[in-house]
Amino acid sequence: MALLENMRVFVRVVELGSLSAAGRQVRMSPAVVSHRIQQLEQHLGVRLLNRTTRQVQTTEHGQTFYRHCLVVLDAMERAETSVATTSGVPSGSLRVTAPLGFGRRVLAPLVPQFHELYPRVEVRLRLSDHLLDLLGEAVDLAIRMAEMRDSSFVLRKIADCRRVLCAAPAYLEAQGNPKSPEELMGHNCLLLRFPGSRQYQWTLEGRDGPSKVPVRGSFDADDGDVLTQWAVDGRGIVMKPVWEVAAHLRSGALQLVLPDHPPEPVVLAVLYPHRSFLPAKVRVFSDYLVEQTRALLSADLVL
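Values in this document were obtained by computation on a predicted structure and should not be read as measured data.

A. Just the sheet that holds strand β11 (residues 220-221), in detail. Overall, mixed pairing links the five strands, which are arranged β11-β8-β12-β7-β13 in an open sheet. The two strands at the open ends of the sheet, each matched to only one other strand, are β11 and β13 (255-257). Inspection of the sheet shows strand β8 (residues 189-192) paired to β11 by two bridges, in the parallel sense. Its bridge partner lying in β11, Leu191 is registered against Asp220. Contacting β7 (163-167), β12 (237-241) and β13, helix α8 (residues 242-251) runs over the sheet at an angle of about 120° to β12.

Spelled out as structure tokens, the structure:
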């Protein structure tokens, strides 16, 4: 078991790129993490990591070993899950990814509650507005706000999320309140942008059906919460799911823009790699997440 634990530590170091960051996640000091990596290197007779004061990088041997570690650890978790399923007690490490805004506001508070129900399931949460490679990152379950057409994954819909355009009253007073979708092209639109992002136009509803409006802005970000704060600060117009900005709309910090031309809703869904055998830890977490999230969203969607 010591070898397996050392492999788990090594995987976390590679994924996080830092001994100290890996130590915080596995609750070990950087010195202990370093010692475990040294034990692996002595066992294998090769150097796995090149260490500097700020970061670590995998050697060629390290990259090869990392890929095999993922296979071994996944097989071990499958074996543990199989036994847990027959005993009726879900257990094991559960890797979950979600968008930043959803993760902070909705998902993070639910994780401790879930752990109280299933104390043998260890939830490893990774929040990012980037679309992670589920297979490459060994993710068990993802929450996505998009239409997913990849048949290699199982999609379980949570809800259709209504979205709105909104801006601070100060911005609209200074720059004018657009009366038609076309007028958005003359405004500073706050966009979520990262490699692979498609947010360069907004699809808005109208009497004659949806229409695409090209939009631009003076600055953008890969963190949705940054865009919300910029909007509150009067920097521009933002497109957001209602639940993300409901509190700001209620308080008056933000107000609706073009309410007669709302953006198309986005699908909020649970996504996981297709498997003939669904681990119990994934099944119970998915059930819990869908039930709790639907209740929370139904409350926040009422303005």
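B. Quick look at the pattern of salt bridges. Evaluation of the coordinates by the stated rule reveals ten salt bridges. Linking Asp225 and Arg105 is a salt bridge whose minimum nitrogen-to-oxygen distance equals 2.9 Å. Residue Asp225 is found in helix α7 (residues 224-232), and its partner Arg105 is found in helix α5 (residues 100-117); the two are separated by 120 residues along the sequence. The partly exposed category is assigned to Arg105, whose relative accessible area is 36%. With a closest N to O distance of 2.7 Å, Glu122 and Arg124 form a salt bridge. Via salt bridges that share partners, Arg104, Arg105, Asp223 and Asp225 belong to a single interconnected network.

C. Quick peek at helix α1 (residues 2-16). Between its first and last C-alpha atoms α1 spans 21 Å; for 15 residues at 1.5 Å apiece the expected length is 21 Å, and the two agree. Listed as buried for α1 are Leu4, Asn6, Met7, Val9, Phe10, Val11, Arg12 and Val13. The first or second residue beyond α1 is Gly17, which carries a positive phi of 70°.

D. Quick look at the sheet that holds strand β4 (residues 121-127). Spatial strand order, β4-β3-β5-β14-β6: five strands in an open sheet with mixed pairing. Strands at the two margins of the open sheet, each flanked by one partner only, are β4 and β6 (153-161). Geometrically, the sheet is characterised by an average inter-axis angle of 20° between neighbouring strands, direction not taken into account. Examined bridge by bridge, strand β3 (residues 92-98) and strand β5 (residues 141-145) share two bridges and lie parallel to one another. Residue pairing for β5: Val96 is matched across the bridge by Leu141. Strands in contact with α5 are β3, β4, β5 and β14 (266-273); relative to β4, the strand with the most contacts, it is inclined by about 170°.

E. Focus on the packing of α1 against helix α3 (residues 30-44). Two numbers describe how α1 lies on α3: the axes approach to 9 Å, and their chain directions differ by 115°. By the criterion of interaxial angle, the relationship of α1 to α3 is roughly perpendicular. Our pair here, α1 against α3, has a crossing hand that is left-handed. Contacts between α1 and α3 involve Ala2, Leu3, Glu5, Asn6, Met7, Val9, Phe10 and Val13 from the former and Val33, Arg36, Ile37, Gln39, Leu40 and His43 from the latter. Its residues assigned to classes, the contact of α1 with α3 shows nine nonpolar, three polar and two charged.

F. Quick look at the nonpolar core. Formed by 28 residues in total, the largest nonpolar core has its most connected members in Val96, Phe102, Leu107, Leu141, Ile143, Phe285 and Leu289. In contact with Leu289, not counting residues within four places along its chain, are Phe102, Leu107, Leu110, Leu141, Ile143 and Val270. Counting residues in each nonpolar core, the second largest holds 18 residues, with Val9, Phe10, Leu48 and Phe65 among its members.

G. Geometry of the packing of aromatic side chains. Tallied over the entire structure, the rule returns six aromatic pairs. Taking 4.9 Å as the distance between ring centres and 85° as the angle between the ring planes, the aromatic pair formed by Phe114 and Phe285 counts as edge-to-face. Placement of the pair is Phe114 in helix α5 and Phe285 in helix α9 (residues 280-300), with a sequence separation of 171 residues. With a relative accessible area of 0%, Phe114 lands in the buried category. Ring centres 5.7 Å apart and planes at 55° place the aromatic pair Phe114 and Tyr288 in the tilted group. Of the two residues, Phe114 sits in helix α5 while Tyr288 sits in helix α9, which places them 174 residues apart along the sequence.

H. Spotlight on the side chain of Thr203. Inspection of the secondary structure puts Thr203 in strand β9 (residues 201-204). The buried category is assigned to Thr203, whose relative accessible area is 15%. Within the structure, the side chain of Thr203 is placed 3.3 Å from the side chain of Lys212, a separation counted as a polar contact. The residues touching Thr203, leaving out its near neighbours within four places in the chain, are Pro210, Ser211, Lys212, Pro262, Pro263 and Glu264.

The rules behind the values
Residues numbered from 1 in each chain as written. Predicted model: local features only at pLDDT ≥ 70, side-chain atom pairs only at ≥ 80, totals over all residues. Heavy atoms only, no water. Pairing = 2+ DSSP bridges. Helix = DSSP H or I, 4+ residues; strand = E, 2+ residues; numbered from the N terminus. Contact = heavy atoms within 4.5 Å. Axes fitted to C-alpha atoms, helices over the stretch in contact; angles between N-to-C directions. Salt bridge = Lys/Arg side-chain N within 4 Å of Asp/Glu carboxyl O. Buried < 20%, exposed > 50% of the residue type's maximum accessible area, 1.4 Å probe, protein only. Expected span 1.5 Å × (residues − 1). Parallel < 35°, antiparallel > 145°, perpendicular 65-115°, else oblique. Left-handed = near helix turned anticlockwise from the far one by under 90°. Nonpolar A, V, L, I, M, F, W, Y, C, P; charged D, E, K, R; others polar. Core = buried A, V, L, I, M, F, W, Y, C linked by side-chain atoms within 4.5 Å. Phe/Tyr/Trp six-rings, centres within 6.5 Å; stacked < 30°, edge-to-face > 60°. Polar contact = N/O pair within 3.5 Å; in protein donor to acceptor, adjacent residues only side chain to side chain.

Read these as layout, nothing more, since geometry by itself doesn't imply function.
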